[in-house]
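# Remarks on the overall topology
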Amino acid sequence: MIDRQILAGRWQRLGATAVDAVLVPGLTVFLVMAFEVMEDPEDFTNAWWMWWVLALAVASYLVLNGYGLARAGQTLGKRLFGIAVVRADALKPASFWKLICVRAPFFPLLFVVIYPPLLVLPLLDLLPMFGKSRRCLHDRAAGTRVVRVTAMNRKD
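The text that follows walks through the structure, step by step, so that each part is easy to find. What you see is a predicted model, and the numbers here were worked out from it, not measured in a lab. (Residues numbered from 1 in each chain as written. Predicted model: local features only at pLDDT ≥ 70, side-chain atom pairs only at ≥ 80, totals over all residues. Heavy atoms only, no water.)

## Section: a negative patch on the surface
A contiguous patch of negative charge on the surface is contributed by Glu36, Glu39, Asp40 and Glu42. Mapping Glu39 onto the fold places it in the loop between α1 (10-34) and α2 (48-72). (Patch = residues over 30% accessible without salt bridge, like charges linked within 9 Å, V, L, I, M, F, W, Y side chains within 5 Å. Areas by Shrake-Rupley, 256 points an atom, 1.4 Å probe, with all protein chains shown as cover. Salt bridge = Lys/Arg side-chain N within 4 Å of Asp/Glu carboxyl O. Lys, Arg positive; Asp, Glu negative; His and termini not counted. Charge placed at Lys NZ, Arg CZ, Asp CG, Glu CD. Helix = DSSP H or I, 4+ residues; strand = E, 2+ residues; numbered from the N terminus.)

## Here's the deal with the pairing of strand β2 (residues 144-148)
Most of β2 is tucked away, with 4 of its 5 residues classed as buried. Strand direction decides the pairing type here: strand β1 (residues 83-87) and β2, joined by 5 bridges, are antiparallel. Its bridge partner lying in β2, Ala84 is registered against Val147. (Buried < 20%, exposed > 50% of the residue type's maximum accessible area, 1.4 Å probe, protein only. Pairing = 2+ DSSP bridges.)

## Some remarks on the nonpolar core
Ranked by size, the top nonpolar core spans 12 residues in total: Ala8, Ala16, Val24, Tyr61, Leu69, Ile83, Val85, Ala94, Leu99, Ala104, Phe107 and Val146. Of all the secondary-structure elements, those providing two or more residues to this core are α1, α2 and β1. Those residues in contact with Leu69 that sit more than four places away from it in its chain are Tyr61, Gln74, Thr75, Phe96, Leu99 and Ile100. (Core = buried A, V, L, I, M, F, W, Y, C linked by side-chain atoms within 4.5 Å. Contact = heavy atoms within 4.5 Å.)

## Thoughts on the environment of Gly143
Its location among the elements puts Gly143 in the loop between α6 (137-142) and β2. Judged by relative accessible area, which is 28%, Gly143 ranks as partly exposed. Between the C-alpha atom of Gly143 and that of Ser95, which follows or precedes it by 48 residues, the distance is 9.9 Å. Contact partners of Gly143, with chain neighbours within four places excluded, come to Val86, Arg87, Ala88 and Arg135.

## Thoughts on the packing of α2 against helix α4 (residues 96-103)
Taken N-terminus to C-terminus, the directions of α2 and α4 make an angle of 140°; their axes are 9 Å apart at the nearest point. At the point where α2 passes α4, the crossing takes the right-handed sense. Facing Tyr61, Leu62, Gly66, Leu69 and Ala70 of α2, the residues of α4 in contact are Phe96, Leu99 and Ile100. Residue composition of the contact of α2 with α4, by class: 7 nonpolar, 1 polar and no charged. (Axes fitted to C-alpha atoms, helices over the stretch in contact; angles between N-to-C directions. Left-handed = near helix turned anticlockwise from the far one by under 90°. Nonpolar A, V, L, I, M, F, W, Y, C, P; charged D, E, K, R; others polar.)

## Re the environment of Leu14
Relative to the helices and strands, Leu14 is located in helix α1. Put simply, Leu14 and Gly77 are 63 residues apart on the chain and 9.5 Å apart in space, counted from C-alpha to C-alpha. Beyond its immediate sequence surroundings of up to four residues, Leu14 is in contact with Met129 and Phe130.

Dropping the structure here:
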């Protein structure tokens with residue numbers, strides 16, 4: 001049984017997600033402008049610009065969050081809110097590949113509002129967070145949970 005005192009609060013998680021949802025796309029937009037990915041109308045005549053934006057978005061995520069995730073299981077938003085991602089079965093860091101390859105792909109779901117019928121996808125991902133275990137679908141998929149940082153430092 002998980003001690004509910006160590007689980008990150010729902011508002012902490014939502015706050016951290018909001019911070020990351022501003023920082024990562026913000027850096028991506030900056031890089032798209034800096035590299036002039038979509039400068040001319042002709043740029044939209046083929047789909048290459050989408051691949052460039054995707055590559056820059058992944059690079060933005062890794063630049064902003066890669067080191068923190070690898071070292072402490074924290075994105076910038078999670079660090080700001082004092083929470084971290086750990087393995088679901090222990091207060092040990094989750095493996096980096098699960099954080100990047102399993103959990104991280106859920107993040108772009110927040111930006112599918114371009115196609116309104118897909119708006120339900122991020123809601124389906126986040127909704128389980130309001131249950132007893134406070135784990136989103138991406139937590140379950142990666143075998144992780146989000147805890148307060150003070151809980152990680154506690155010796156039980």
